[in-house]
Amino acid sequence: MFGKLECPEPGIYPGVPNREYRSWNAPSYSLLSKVASRDYSMAHVKGMMERGSKSTAAMRAGSVFHAALLSPEELDNWRLLPEGLKVRRGKKWDELREANPEVNWMTPKEHEDTFGSVAGMVGAVLANATCAKILHGAQCEVSVVADLTFRGPMGDMTVRVKSRLDVWNERARIIADPKKALSAEPNTFGRNAWNFGYYIQSALYTDVIASVTGLDDILFYFIVVEEQPPHVVSIFNGHDTTQ
């Protein structure tokens, strides 16, 4: 198990396990977006970094979809609870977690709900010609660290931040973020982009990559696939999500 680790120097770090990335002691998009919403202070964010976050059913399903699409070898980290172990507490549960720190254990119902439509969603994304171009030659699950300067009421402040890019295609200068959704209809996604702060994500990831590579004119796309058949796929320019 990783405790909190010192965040590395600014740069691009491919191949870093997600658990290790999450242990780097630096704010990420999910935390910074909370500050931007003005519902949380930096003190709240500091506490969240120290405590970590709890996985939800939606987060679990999103993680499995991302793994199936971008890093299928990681699907083995999502397993059914051993027969006879029905609850995630007690001595046997603690021993199981200690012996398999990378594994996410699920009940049969959680497994069915999580994996039920993943194959169809992945197939729909890979069959989309534009998605295929975005993914061709790209790196997946790339960890990036950058020192960014934020302007606030008390003056400028430089903060070391981390980001986990689902897709980084350096040759095409494209960042892409696949998302599963109930609807890939443009107006619905536009509302979600505003409500969930996706515009902050696209801006932050673009700034992070620009900072460490010196590249400009970086494109950002959200690849949105519907959870239910026929798994409609829509692609949105991440820099236009405020419209």
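Just so you know, these numbers come straight off a predicted model, no measurement behind them. (Residues numbered from 1 in each chain as written. Predicted model: local features only at pLDDT ≥ 70, side-chain atom pairs only at ≥ 80, totals over all residues. Heavy atoms only, no water.)

Considerations on the overall build of the chain
In plain terms, the rule: Helix and strand assignments follow DSSP, with helices taken as H or I runs no shorter than four residues and strands as E runs no shorter than two, numbered in order from the N terminus. Only protein chains enter the accessibility calculation, which uses a 1.4 Å probe; a residue whose area is less than 20% of its type maximum is buried, one above 50% is exposed, and one in between is partly exposed. Every residue pair with non-hydrogen atoms within 4.5 Å of one another is taken to be in contact. Values of accessible area rely on a 1.4 Å probe in the Shrake-Rupley scheme; residue burial ignores everything except the protein chains shown.
Within the chain one finds 10 helices and 8 strands. Counting across all 243 residues of the chain, residues that qualify as buried make up 42%. Sequence-distant contacts in the chain: of pairs separated by 6 or more residues, those separated by 24 or more amount to 64%. Put simply, the chain shows about 13,900 Å² of open surface, and 52% of that area lies on carbon and sulfur atoms.

Points about the packing of helix H4 (residues 57-70) against helix H7 (residues 118-127)
Note the following rule: To define axes, lines are fitted to C-alpha atoms, for helices over the stretch in contact only, and angles between the resulting N-to-C directions are given on a 0 to 180 degree scale. Roughly parallel means an angle under 35 degrees; roughly antiparallel, over 145; roughly perpendicular, 65 to 115; everything else is oblique. Helix crossings get a hand from a simple test, with the near helix turned counterclockwise from the far one by less than a right angle marking a left-handed crossing and a clockwise turn marking a right-handed one. Throughout this entry, Asp, Glu, Lys and Arg are counted as charged residues, while Ala, Val, Leu, Ile, Met, Phe, Trp, Tyr, Cys and Pro are counted as nonpolar. The remaining residues, Gly among them, count as polar.
Between H4 and H7, whose axes approach to 10 Å, the crossing angle comes to 45°. Relative to H7, H4 is oriented oblique. Crossing geometry of H4 relative to H7 is assigned as right-handed. Residues Val64, Phe65, Ala68 and Leu69 of H4 touch H7, and the partners they reach there are Val118, Met121, Val122, Val125 and Leu126. Class assignment for the residues of the contact of H4 with H7 results in 9 nonpolar, no polar and no charged.

A word on the sheet that holds strand E5 (residues 155-169)
The following threshold applies: In short, DSSP must find at least two bridges between two strands for them to pair.
Spatially, the 6 strands line up as an open sheet ordered E1-E4-E5-E6-E7-E8, and their pairing is mixed. Lying at the two open borders of the sheet, with one neighbouring strand each, are strand E1 (11-14) and strand E8 (233-237). Averaged over neighbouring strand pairs, the angle between their axes works out to 30° when direction is ignored. Note: strand E7 (residues 219-226) against E8, 5 bridges, orientation antiparallel. Residue pairing across strands places Val224 opposite Ser234, the latter belonging to E8. Against the sheet, H4 makes contact with strand E4 (139-152), E5, strand E6 (174-181) and E7, and its axis sits at roughly 130° relative to E6, the strand it touches most. Sheet strands touched by H7: E6, E7 and E8. Its angle to E7, the strand with the most contacts, is close to 135°.

A few points about the pattern of salt bridges
It is possible for side chains of opposite charge to pair when their charged atoms get near one another. The following threshold applies: By definition here, a salt bridge exists when the distance from a side-chain nitrogen of Lys or Arg to a carboxyl oxygen of Asp or Glu is within 4 Å.
A full pass over the atoms with the stated rule returns 12 salt bridges. In this structure, Asp216 and Arg173 form a salt bridge, with 3.3 Å as the shortest nitrogen-oxygen distance. Taken together, the residues Asp216 in the loop between helix H10 (198-213) and E7 and Arg173 in the loop between E5 and E6 connect sequence positions 43 residues apart. Among the residues examined, Arg173 registers a relative accessible area of 30% and is labelled partly exposed. Overlapping salt bridges bring together Glu9, Asp147 and Arg160 as one network.

Remarks on the side chain of Ser143
Counted only if it meets this: Here a polar contact means two N or O atoms within 3.5 Å. Within protein one must be a hydrogen donor candidate and the other an acceptor candidate, and residues neighboring in sequence count only if both atoms are side-chain atoms.
As for its placement among the helices and strands, Ser143 is situated in strand E4. Within polar-contact distance, the side chain of Ser143 engages the side chain of Arg164 at 2.7 Å. With residues near it in sequence (within four places) discarded, Ser143 still touches Gly11, Ile12, Tyr13, Val16, Tyr21, Trp24, Ser163 and Arg164.

Considering the packing of aromatic side chains
Quick reminder of the rule: To pair, rings of Phe, Tyr and Trp, with the six-membered ring standing in for Trp, must have centres within 6.5 Å; the planes then decide the type, stacked if under 30 degrees apart, edge-to-face if over 60, and tilted in the middle.
Summed over the entire model, instances satisfying the criterion amount to 11 aromatic pairs. Consider the rings of Phe189 and Phe236, whose centres lie 4.5 Å apart with planes at 10°: the pair is stacked. Of this pair, Phe189 sits in helix H9 (residues 186-195) while Phe236 is found in strand E8, placing the two residues 47 residues apart along the sequence. Judged by its relative accessible area of 14%, Phe236 falls in the buried class.

Considering the pairing of E4
Bridge count for E1 against E4 is 4 bridges, and the pairing is antiparallel. Bridge pairing in E4 places Tyr13 opposite Ser143. As paired strands, E4 and E5 are joined by 13 bridges and run antiparallel to one another. Looking at E5, one finds that Thr149 is bridged to Thr158. The antiparallel pairing of E4 with E5 creates a hairpin that spans 2 residues between the two strands.

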